[in-house]
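Listed below are the residues making up each chain.
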Amino acid sequence: MNALNKKTIEDIDVSGKRVLVRCDFNVPLKDGVITNDKRIVSSLPTIRYLLDHHAKVILCSHLGRPKGEFKPEFSMAPVAKRLSELLGFEVKLAKDVVGESAKELAANMKEGEAILLENVRFHAEETKNDPGFSKALASLADVYVNDAFGTAHRAHSSTAGVADYLPAVCGYLIQKEISVMGTALADPKRPFVAILGGAKVSDKIGVIENLLGKVDTLIIGGAMAYTFKAASGEAIGTSLCERDKFDLANNIVKQAAEKGVRFLLPLDSRCGDQYAPDCNMLIANVEEGIPDGYMGLDIGPRTEELYADAIKGAGTVIWNGPMGVSEWDRFAAGTIAVAKAVAESGAISIIGGGDSAAAVEKLGFGDKMTHISTGGGASLEFLEGLELPGIAALNDK
Ligand code: AMP
C-alpha cells in the first residue's frame, strides 16, 4: 500500500467546500489540561492548507474511550482551546457530533473558518462503523479528508465509513507516514536493520514475518528476547516469557538463517530480583543464563556494544519497542544506547509509534530521527504489510 496511489488534498478542489477532516486529536490529558500537543501540531499542515485554499474546515476526532456516551471528561473542549491558540482564531466547538449544534455550526461557516465536532466516540455507532452514523457525519460536509494516521488501522465511521458517501482523500500526515514507511519497506537504503523490542513476541509476529523477507539484520530486545532464549534452552529465570510461542520463535530463527538475515539476541541482560524499579540488580551473561529468582529487565552492556555495532553503517533503520523497561531509569540504559546508535548512524531512521516513540522522545533523541510515527498500532500493522482500512477507503488517484 502506498498513499501516493491515493488522492491527497492537493488533488481536489476544496475552495468554498465544507471539508470534514478526521484528525487524531487523542492527546494525553491531566486534570483537563493537555500534557503533550504533538498530535494537534502534527495536523496543522493539512488544516492550514485547507484554510489557505478557502475551505470551510470541520474537524473531528476521538479522545479517550468514552464508550459511546457523553462524558464531560472526554469532551474535545481542551483541544478546541489549543487549536484556537495555534491557529490564531477561535475554533468553535459543537456541543454534539451530528446533532443540531454540529449541523448549525457547519451550515453557517464562512470560507477560511474551522470548527471542531464533539468526540466521535460519544456515539457507540462510531466504532461499529454504522452506515447511518457515517452518513450523518458525511451530510455535514462536501469532501472528506482523513489525516488520522493513529486510527487508520480501525474501520470506524469517521475513519473509513464516511468515505462511502463523500469524495475522500488523505491529508499531509497520512501521506507522509505512508510515503516514509512505504519507501523504507519497498525500496530500502541498505543495509536495512530492524530493531524490535517490547513486551511480547505474539504482538510482533506479523511484523517479524513481514520484515524477515526484507531486512539484512534483525535485532531483538525487550521482554520478547526471553521467549527466543527460553525456546533455545537458555536459562531465563523469572523473565517474561510466552511458553506457547517456542515453536514459533524457533521457526523464526530458522527462517532468518535460511534467508541470510543476521538475527541478533542479547548477549547479556540487566536483571532484577523482582519487577520493581528499586529491585536488586545483577548482570547475567548468555553463557550462564539468568539465575533463578531474577528476571531480565534490560539488555546488558555487551549487548549494547553488539547492537550499536550492528546499527552503525545502516542505510535504513526501523525500530519498534524498547530494549527494556525504559520507563524506569535503572533499566533504560539499553534503550538509550540503541537510540544513540540509531541517531549517530546517519541512517534513514523510522521509529514506530507508542512506547518506542515515547522512549525516544523522553530520552531526548526525538529530533535526531528521520521519522517518528504518530501511530503505534497503525505503524505496526503497516509494517506487517496489512492494508489499513482508513487508507484503503480513500479514492485512488
Ligand atoms: P510494547 O508495547 O510491546 O512495545 O512493549 C513495551 C513495554 O514492554 C514497555 O512498557 C516495557 O516496560 C516493556 N518491557 C520491555 N522490556 C521488558 C522486560 N525485559 N521485562 C518486562 N517488560 C519489558
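Note that this is a predicted model, so its numbers are computed, not measured.

Caption draft 1: Structural context of the side chain of Ser 43. Assignment of secondary structure puts Ser 43 in helix H1 (residues 38-52). When residues no more than four places from it in sequence are discounted, the contact partners of Ser 43 are Cys 23, Phe 25 and Asp 147.

Caption draft 2: Expanded view of the domain arrangement of the protein chain. Looking at the protein chain, the domain boundaries give domain 1 (3-173) and domain 2 (180-383). Its C-alpha centre places domain 1 at a distance of 35 Å from the equivalent point of domain 2. Facing eight residues of domain 1, the contacting portion of domain 2 comprises 10 residues. Note on domain 1 versus domain 2: buried area summed over both sides is about 710 Å², and carbon and sulfur give 57% of it. In terms of surface lost to domain 2, no three residues of domain 1 exceed Lys 38, Phe 149 and His 153, which account for 71% of the buried area on that side. Scanning the region where domain 1 abuts domain 2 turns up one salt bridge. Here Glu 361 and Lys 38 are joined by a salt bridge, their closest N and O atoms 3.6 Å apart. Looking at which element gives the most residues to the side of domain 1 that touches domain 2, the answer is H1, with three residues. Looking at side-chain class alone, the side of domain 1 that touches domain 2 contains two nonpolar, three polar and three charged residues.

Caption draft 3: Empty space enclosed by the protein, seen in detail. Taken as a whole and assessed by the stated rule, the structure comprises one cavity of 30 Å³ or more. Taken as a whole, the largest cavity spans an internal volume of roughly 50 Å³. Tyr 226, Lys 229, Glu 234, Pro 266, Leu 267, Asp 268, Ser 269, Ala 284, Asn 285, Val 286, Gly 289 and Ile 290 together form the lining of the largest cavity. For the lining of the largest cavity, the secondary-structure elements that each account for two or more residues are helix H8 (224-231), strand E12 (268-272) and strand E13 (281-285). Within the lining of the largest cavity, the residues separate by chemical class into six nonpolar, three polar and three charged.

Caption draft 4: Region of interest: the nonpolar core. Judged by nonpolar contacts, the single largest core of 61 residues is most densely connected at Leu 20, Ile 58, Leu 117, Phe 149, Leu 218 and Phe 228. When residues of this core are assigned to domains, at least three fall in each of domain 1 (3-173) and domain 2 (180-383). Those residues in contact with Leu 20 that lie beyond four places of it in its chain are Ile 58, Cys 60, Leu 117, Leu 137, Ala 141, Val 143, Tyr 144, Val 145 and Val 162. Counting 30 residues, the second-largest nonpolar core is a separate cluster that includes Ile 9, Ile 12, Cys 23 and Ala 55.

Caption draft 5: Representation of the site of the ligand within the structure. Residues in close proximity to the ligand total 16 residues, the closest being Ala 199, Lys 204, Gly 296, Glu 327 and Asp 355. Taking Glu 327, its side chain carries an N or O atom lying 2.5 Å from an oxygen atom of the ligand. One nitrogen or oxygen atom from the side chain of Asp 355 is found 2.9 Å from an oxygen atom belonging to the ligand. Contact with the protein chains hides 85% of the accessible area of the ligand, taken as 510 Å² for the molecule alone. A breakdown of the residues in the shell around the ligand according to their chemical character gives eight nonpolar, five polar and three charged.

Caption draft 6: Focus on the packing of H8 against helix H9 (residues 246-259). For the pair H8 and H9, interaxial distance at closest approach is 9 Å and the crossing angle is 90°. As the angle between them shows, H8 and H9 are arranged roughly perpendicular. Across the interface between the two elements, Thr 227, Phe 228, Ala 230 and Ala 231 of H8 pack against Phe 246, Ala 249, Asn 250, Ile 252 and Val 253 of H9. For the contact of H8 with H9, the per-class residue count stands at seven nonpolar, two polar and no charged.

Caption draft 7: Geometry of the pattern of salt bridges. Tallied over the entire structure, the rule returns 18 salt bridges. Between Glu 258 and Lys 254 there is a salt bridge; the shortest N-O distance is 3.9 Å. On the criterion of helical spacing, the pair formed by Glu 258 and Lys 254 is a turn pair, its members being four residues apart in helix H9. Residue classification places Glu 258 among the exposed residues on the basis of a relative accessible area of 59%. Each of the salt bridges in this network shares a partner with another, and the network as a whole consists of Asp 37, Lys 81, Arg 82 and Glu 85.

Caption draft 8: Summary view of the environment of Ile 252. Relative to the elements of secondary structure, Ile 252 occurs in helix H9. The exposure class of Ile 252 is buried, given its relative accessible area of 1%. Sequence-wise, Ile 252 and Phe 263 are 11 residues apart; in three dimensions their C-alpha atoms are separated by 9.4 Å. Once residues within four sequence positions are removed from consideration, Ile 252 is found in contact with Ile 208, Leu 212, Phe 228 and Phe 263.

Caption draft 9: Structural context of the pairing of strand E10 (residues 217-220). The alternating pattern of E10 places Thr 217 and Ile 219 and Leu 218 and Ile 220 on opposite faces, both of which are buried. Bridging between strand E9 (residues 192-196) and E10 involves four bridges; their strand directions are parallel. Each bridged residue has a counterpart across the sheet, and for Val 193 the counterpart in E10 is Thr 217. Read from E9 through helix H7 (residues 201-212) to E10, the crossover connection turns out right-handed. Bridge analysis of E10 against strand E11 (residues 262-264) gives three bridges, and the strand direction is parallel. Across the sheet, Leu 218 pairs through a bridge with Phe 263, a residue of E11.

Reading the values: rules and limits
Residue numbering note: each chain is counted from 1, following its sequence as written. pLDDT decides what is reported in this predicted model: residues at 70 or higher carry local features, side-chain atom pairs at 80 or more are listed and counted, and totals for whole chains, interfaces and linings draw on all residues regardless. Based on all heavy atoms of the structure, the side-chain values leave hydrogens and waters out of the count. Numbering of helices and strands starts at the N terminus; helices are DSSP runs of H or I of at least 4 residues and strands are runs of E of at least 2. Residue contacts are defined here by distance: any two heavy atoms, one from each residue, within 4.5 Å place the two residues in contact. Throughout, the edges of the domains are those of an automatic or database domain assignment. By definition, the buried area sums, over both parts, the 1.4 Å-probe accessible area that each loses when the two are put together. In the sections that follow, a salt bridge refers to a side-chain nitrogen of Lys or Arg positioned within 4 Å of a carboxyl oxygen of Asp or Glu. Side-chain classes are defined by residue name, with Ala, Val, Leu, Ile, Met, Phe, Trp, Tyr, Cys and Pro counting as nonpolar, Asp, Glu, Lys and Arg as charged, and the others, Gly among them, as polar. We place a 1 Å grid over just the protein atoms. Points where a 1.4 Å probe fits but has no way out form a cavity, open points with protein on both sides within 12 Å along at least 5 of 7 lines form a pocket, and any residue with an atom within 4 Å of a point lines it. Grid points are joined across faces, edges and corners, and a volume is the space filled by probe spheres set on the points. Definition of nonpolar core: a set of buried residues of the types Ala, Val, Leu, Ile, Met, Phe, Trp, Tyr and Cys, connected through side-chain atoms within 4.5 Å. Throughout this description, buried means an accessible area under 20% of the type-specific maximum (1.4 Å probe, protein chains only), exposed means over 50%, and partly exposed covers the range between. A single heavy atom is enough: if one lies within 4 Å of a molecule or strand, its residue is considered near that molecule or strand. The term polar contact refers here to a pair of N or O atoms within 3.5 Å; inside protein, the definition further demands a hydrogen-donor-capable atom paired with an acceptor-capable atom, and it admits residues adjacent in sequence only when both atoms are side-chain atoms. The protein chains shown are the only cover counted for residues, whose accessible areas, like all others here, come from Shrake-Rupley with a 1.4 Å probe. Under this scheme, a helix contributes an axis fitted over its contacting stretch, all axes are lines through C-alpha atoms, and angles between N-to-C directions fall in the 0 to 180 degree range. Reported orientations rely on four angle classes, namely roughly parallel under 35 degrees, roughly antiparallel over 145, roughly perpendicular from 65 to 115, and oblique for the rest. Two strands pair under a simple rule: DSSP has to find at least two bridges between them. Handedness of a crossover is defined as follows: orient the strands so they point away from the viewer, and if the path from the first strand over the helix to the second runs clockwise, the crossover is right-handed.

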